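# Descriptive structure summary
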Amino acid sequence: MNDESIGAATYSPEDNKLRLYPYSRLPKELYERVRAAGFSWAPKQELFVAPMWTPQREDLLVELCGKIGDEDKSLVERAEERAERFSDYSDKRGQDAEQAHAAVETIAGNIPFGQPILVGHHSERHARKDAERIENGMRRAVKMWETSEYWKDRARGAVHAAKYKEQPDVRARRIKKLEAEQRGQARGKEAAEKAVRFWQGKFVGVAKDGTKTPIEIIESNRETICRILGSSYELSFYASTGLDGQSNFSGWDVLKPDGERYQNCPSMAVSELQAVAFSYYARVIASCDRWLMHYGNRLMYEREMLAADGGTVADRTGPEKGGAVRCWASHSGGWSYIQKVNKVSVT
């Protein structure tokens with residue numbers, strides 16, 4: 001951690017974004033590092049913002065700022081600020097359009113009504129220049145009006161989108177997605193823990209005669225270990241061998257006999273690969289734990305907010321036989337009728 005922080009860092013559970021408010025212009029090396037971590041500069045707000053939380057981005061902000069605080073502005077407040085900026089853009093483009101149109105009228109006002117270009121006359125060149133200026137000016141005016149309307153639509157959409165995310169049904173769907181992602185991280189951790197048990201020699205193999213013996217992670221079992229790694233997706237991983245600085249080969253590759261490894265693939269002893277595996281899966285488990293804690297906190301926040309809003313319509317009324325629920329996959333005009341309710345599983 002730096003002795004002096006370079007700014008203030010915040011996190012908002014509403015949009016799952018990390019923000020960095022620098023006290024001053026960042027040095028080039030630090031700026032490149034922040035950009036490489038996925039932060040982008042928002043000049044109007046004078047801050048760096050990342051599109052979503054990750055453990056690596058959180059660690060970077062803790063290193064640079066010492067701690068990460070709560071974001072003071074709500075999603076709607078931030079959207080209203082954006083809408084205000086978009087309205088300013090719209091007004092400026094509208095003014096540009098009027099100026100362009102006024103310039104066209106000034107040029108056209110100096111030309112007698114219905115006056116054609118006199119071919120061969122000394123005024124022909126000037127008349128064609130005026131016609132070109134009028135055409136370019138009208139094209140610019142139309143372009144500016146279209147841009148002005150675009151920013152008006154963005155201003156209306158910014159606030160609408162923020163308020164939409166706060167609707168109970170939208171929040172409930174977001175909770176469902178977060179729960180699915182949480183289960184995915186749990187499965188990843190479970191697979192990593194299974195791999196650790198394998199490399200600890202806690203897996204039991206079944207011989208042809210039916211006897212069961214632990215698969216020892218020793219050099220004499222090299223062929224067996226190689227075969228298991230090649231047939232198991234959960235146990236496959238890439239081991240950095242340091243060859244040419246950055247070369248990576250799977251554990252299955254480096255355990256193959258000399259004649260079967262492909263070009264430039266080195267051989268590793270079982271004990272060497274075992275050490276690499278312990279280090280790799282320890283990092284995987286630590287990362288999964290960070291994500292699981294993050295999803296747990298987000299779900300706690302979203303559920304509390306949903307409860308404060310009174311929950312969804314289904315939460316308040318509950319499903320009953322004879323009722324209906326709207327379902328996009330339904331063949332009955334978007335509604336599915338309830339035939340039976342399982343009182344044990346339905347909450």
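Residues numbered from 1 in each chain as written. Predicted model: local features only at pLDDT ≥ 70, side-chain atom pairs only at ≥ 80, totals over all residues. Heavy atoms only, no water.

## Here's the deal with the pattern of salt bridges
Throughout the structure, instances matching the rule amount to 13 salt bridges. Two residues, Arg 261 and Asp 258, come together in a salt bridge whose shortest N-O distance is 2.9 Å. A residue is classified by how much of its surface remains accessible, and Arg 261, at 18% relative accessible area, is buried. Overlapping salt bridges, with partners in common, bring together Arg 171, Arg 174, Arg 298 and Glu 302 in one network. (Salt bridge = Lys/Arg side-chain N within 4 Å of Asp/Glu carboxyl O. Buried < 20%, exposed > 50% of the residue type's maximum accessible area, 1.4 Å probe, protein only.)

## Section: the pairing of strand E1 (residues 7-12)
Put simply, side chains in a regular strand alternate between the two faces of the sheet. Counting buried residues along E1, five of its six residues qualify, which places the element largely inside the surrounding structure. Summarising the sheet, E1 and strand E2 (residues 17-22) pair through six bridges and their orientation is antiparallel. Considered in E2, the bridge of Ser 12 is made with Lys 17. The turn linking E1 back onto E2 is made up of four residues, and Asn 16 within it adopts a positive phi angle of 60°. (Helix = DSSP H or I, 4+ residues; strand = E, 2+ residues; numbered from the N terminus. Pairing = 2+ DSSP bridges.)

## Observations regarding the confidence of the model for the protein chain
Per-residue confidence for the protein chain gives a mean pLDDT of 78, with 65% of residues at or over 70. Ranking the elements of the protein chain by mean pLDDT puts helix H3 (residues 75-109) last with 62 and helix H1 (residues 28-36) first with 95. (pLDDT = per-residue confidence, 0-100.)

## Side note on unusual backbone geometry
Here Asn 16, not a glycine, exhibits a phi torsion of approximately 60°, which is positive. When its relative accessible area of 9% is taken as the criterion, Asn 16 is described as buried. Of note in this structure, Glu 46 is not a glycine but carries a positive phi near 55°. In this structure, Glu 46 sits in the loop between strand E3 (40-42) and strand E4 (47-50).

## Some remarks on the sheet that holds E3
Read from one edge to the other, the open sheet built from five strands follows the order E3-E4-E2-E1-E5, with strand pairing classed as mixed. If you trace the sheet from one side to the other, it starts and ends with E3 and strand E5 (68-70), each paired once. Each strand of the sheet is rotated relative to its neighbour by a mean of 35°, with strand direction disregarded. (Axes fitted to C-alpha atoms, helices over the stretch in contact; angles between N-to-C directions.)

## What to know about the packing of aromatic side chains
Scanning all chains against the criterion turns up eleven aromatic pairs. Ring centres of Trp 53 and Trp 291 lie 5.1 Å apart, and the angle between their planes is 90°; this geometry places the pair in the edge-to-face category. With Trp 53 in the loop between E4 and helix H2 (55-65) and Trp 291 in helix H8 (residues 270-308), this pair connects stretches of sequence that are 238 residues apart. When the ring of Tyr 280 is compared with that of Tyr 281, the centres are 4.9 Å apart and the planes differ by 75°; the resulting orientation is edge-to-face. Classification of Tyr 280 as partly exposed rests on a relative accessible area of 28%. Put simply, the rings of Phe 198, Trp 199, Phe 203, Phe 237, Tyr 280 and Tyr 281 pair up and form one aromatic cluster. The aromatic ring of Trp 252 is capped on one face by Lys 256, whose charged end is 3.8 Å from the ring centroid. (Phe/Tyr/Trp six-rings, centres within 6.5 Å; stacked < 30°, edge-to-face > 60°. Lys NZ or Arg CZ within 6 Å of the ring centre and 35° of its normal.)

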